[in-house]
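Descriptive structure summary
Spelled out, the chains give:
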Amino acid sequence: MTGNEDVLLVHGGTPLEGEIRVRGAKNLVPKAMVAALLGGEPSRLRNVPDIRDVRVVRGLLELHGVTVRTGSEAGELVLDPSNVESADVADIDAHAGSSRIPILFCGPLLHRLGHAFIPGLGGCDIGGRPIDFHFDVLRQFGATIEKRPEGQYLEAPQRLRGTKIKLPYPSVGTTEQVLLTAVLAEGVTELSNAAVEPEIEDLICVLQKMGAIISLDTDRTIRITGVDRLGGYQHRALPDRLEAASWACAALATEGSVYVHGASQREMLTFLNTYRKVGGAFAVEDDGIRFWHPGGPLKAIALETDVHPGFQTDWQQPLVVALTQASGLSIVHETVYESRLGFTEALNQMGAHIQLYRECLGGTPCRFGQRNFLHSAVVSGPTKLQASELVIPDLRGGFSYLIAALAAQGTSRVHGIELINRGYENFMEKLPGLGAKVEAA
Ligand SMILES: CC(=O)N[C@H]1[C@@H](OP(=O)(O)OP(=O)(O)OC[C@H]2O[C@@H](n3ccc(=O)[nH]c3=O)[C@H](O)[C@@H]2O)O[C@H](CO)[C@@H](O)[C@@H]1O
Ligand SMILES: C=C(OP(=O)(O)O)C(=O)O
């Protein structure tokens, strides 16, 4: 790409047609990389996408003394944690604000070194995103935490001990925090009201391969029996169901057809049901899923985001773009993040009719109902979208703006596209491969 690397001109109005491949999940791969810190031997992770969150975690692991090299297969990483004890982490401040993953280094570093320093977190600005649950559970394991201006300093005065925890909300990150800490803690940990996203199950598989003992009950309870030592693992990361859904929405909104190699039905059941209700068509094949607009009007729906197995919040933003093309009034109730609908303002500038509400418009009152957050939307469609000047606010919002620009009439200027690299591998190559007319500004 030449010109301004961070601004993309999108000439809209052409359906996306063709094939792309999704690889390992952004929400699993960096965590499986962190898990390698717990092992006494090297680990091998396959199906690793080339995205910024992976590069950030690789840098952090290397800083902590883990040798990371590419394996013989494309997308394979070999992670060797033998030198963690002798690493010099003086430069850790440079990693502040890079992603949400550093918080998950706490348990592994406390086990290995007895202390950990966690720089300020990054990640999408879609709500307050506190980390109070993380610190509450780490204290329960026996860690002490000191807030410093540059980050958080943690110590484990003695070996961490298994404990009984009930999460106030099934937080994905906190569930992973508990898993990565409990596996080497002394005794049994019982975690109730845990998150059970497919990426968490895959992390459990990684840890079991390393020698951990973990059971998952049907009532969101996870039990972990701590062991004294873990080995390495060999694992192929589950595919990115969030990226797959984003391309599915792009096919629908542009009236095109996209075959997503690597997409897996099992982890996308809820998305696929919703896609069908909106009027999208799909065919599940051995190696992936084909998504297309079958012609005729799309249908308005009522949608509530939720923890798994509900409708994943990261699917919401791309689907909203497709809903601007559906006939009638769609209702969207975002119950996971309080500020994940702000991206709709730019869609309205493009001609969409989306009204935000503070009330819980879905069937279920959520945590945000009485708290003044614009977390429900009514999307009135269909509306013709016109090109616009767009500034990317966050990862999924950014991909959603690309979809809107591709569906719109005219040429949009999309600023901040670098943010999309955090979770969408090679999207700048995938787009022209699907017939999208895009160029650097
Ligand atoms: C890197 C990664 O995997 N990111 C995913 C992960 O984010 P992440 O792990 O950050 O999300 P959580 O599930 O923890 O957050 C869910 C809710 O819990 C709240 N909360 C969380 C922790 C805490 O200490 N206190 C607290 O109040 C959050 O503000 C939010 O309202 O799960 C989200 C929900 O599926 C996804 O949208 C993100 O893509
Ligand atoms: C919110 C997301 O990610 P993160 O937690 O990394 O900010 C996302 O993937 O949409």
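Cut-offs applied
- Residues numbered from 1 in each chain as written.
- Chains lettered and ligands numbered in written order.
- Predicted model: local features only at pLDDT ≥ 70, side-chain atom pairs only at ≥ 80, totals over all residues.
- Heavy atoms only, no water.
- Pairing = 2+ DSSP bridges.
- Helix = DSSP H or I, 4+ residues; strand = E, 2+ residues; numbered from the N terminus.
- Axes fitted to C-alpha atoms, helices over the stretch in contact; angles between N-to-C directions.
- Contact = heavy atoms within 4.5 Å.
- Near = heavy atom within 4 Å.
- Polar contact = N/O pair within 3.5 Å; in protein donor to acceptor, adjacent residues only side chain to side chain.
- 1 Å grid on protein atoms, 1.4 Å probe; cavity = no way out; pocket = protein on both sides within 12 Å on 5 of 7 lines; lining within 4 Å.
- Sits in = over half its atoms within 2 Å of the grid points.
- Nonpolar A, V, L, I, M, F, W, Y, C, P; charged D, E, K, R; others polar.
- Domains from an automatic or database assignment.
- Parallel < 35°, antiparallel > 145°, perpendicular 65-115°, else oblique.
- Left-handed = near helix turned anticlockwise from the far one by under 90°.
- Core = buried A, V, L, I, M, F, W, Y, C linked by side-chain atoms within 4.5 Å.
- Buried < 20%, exposed > 50% of the residue type's maximum accessible area, 1.4 Å probe, protein only.
- UniProt positions renumbered as here; feature names shortened; annotations may be inferred.

Here we have four strands laid out as an open sheet, ordered 9-10-12-11, and mixed in their pairing. Edge positions in the sheet fall to strand 9 (164-166) and strand 11 (213-216), since each has one partner strand and no second. Between one strand axis and the next, the sheet turns by 10° as a mean value, whatever way the strands run. Two strands pair when backbone bridges link them, and strand 9 and strand 10 (residues 188-192) are joined in this way by three bridges, in the parallel orientation. Bridged to Ile165 within strand 10 is Leu191. Contacts from helix 5 (residues 172-182) reach strand 9, strand 10, strand 11 and strand 12 (222-225), with the element oriented near 20° to strand 12.

Looking now at the site of ligand 1. The full set close to ligand 1 counts 22 residues, and Lys31, Ser171, Val172, Asp314 and Val336 are the nearest of them. Side-chain polar atom of Lys31 to an oxygen atom of ligand 1: 2.4 Å apart, as the coordinates give it. At 2.7 Å, a side-chain N or O of Asp132 approaches a nitrogen atom of ligand 1. When each cavity is represented as a set of grid points, ligand 1 is found to reside in the largest pocket. For the shell around ligand 1, the residue count by class is seven nonpolar, seven polar and eight charged. If you count residues domain by domain, the shell around ligand 1 takes at least three from each of domain 1 (7-22 + 239-440) and domain 2 (29-236).

Once that is clear, we can look at the packing of helix 9 (residues 313-323) against helix 11 (residues 395-407). At a minimum axis separation of 8 Å, helix 9 and helix 11 run at an interaxial angle of 15°. Here helix 9 is positioned roughly parallel relative to helix 11, judged by the angle of their axes. Where helix 9 crosses over helix 11, the handedness of that crossing is right-handed. Touching Asp314, Gln317, Pro318 and Val321 of helix 9 are Arg396, Gly397, Ser400, Ile403 and Ala404, all from helix 11. A class-by-class count of the residues in the contact of helix 9 with helix 11 yields four nonpolar, three polar and two charged.

Here the focus is the nonpolar core. Counting residues in hydrophobic clusters, the biggest one holds 74 residues, and the most contacted among them are Trp247, Val260, Met268, Phe271, Phe291, Leu347 and Leu402. Apart from the residues lying within four places of it in its own chain, the contact partners of Phe271 are Ala245, Ala248, Cys249, Phe291, Phe311 and Trp315.

Right, let's talk about the sheet that holds strand 1 (residues 7-11) for a bit. Strand order in the open sheet formed by four strands is 22-23-1-24, and the pairing between neighbours is mixed. Each edge of the sheet is formed by a strand with only one pairing partner; in this case those strands are strand 22 (389-391) and strand 24 (437-440). Taking each pair of neighbouring strands and ignoring which way they run, the sheet shows an average axis angle of 25°. Looking at chain direction, strand 1 and strand 24 are connected through four bridges and run antiparallel.

Moving on: the UniProt feature "binding site: UDP-N-acetyl-alpha-D-glucosamine" (unreviewed entry) in the protein chain. The positions UniProt marks with the feature "binding site: UDP-N-acetyl-alpha-D-glucosamine" (unreviewed entry) are Arg100, Asp314 and Val336. Those annotated residues from the list above that line the largest pocket are Arg100, Asp314 and Val336. Position of Arg100 among the secondary structure elements: in the loop between strand 5 (77-80) and helix 3 (106-113). Of the polar contacts made by the side chain of Arg100, one reaches the backbone oxygen of Gly122; its length is 2.8 Å. Of note, Val336 is situated in the loop between strand 19 (326-333) and helix 10 (344-349). Among residues more than four places away in sequence, those in contact with Val336 are Tyr169, Thr305, Asp306, Val307, Thr313, Arg367 and Phe368.

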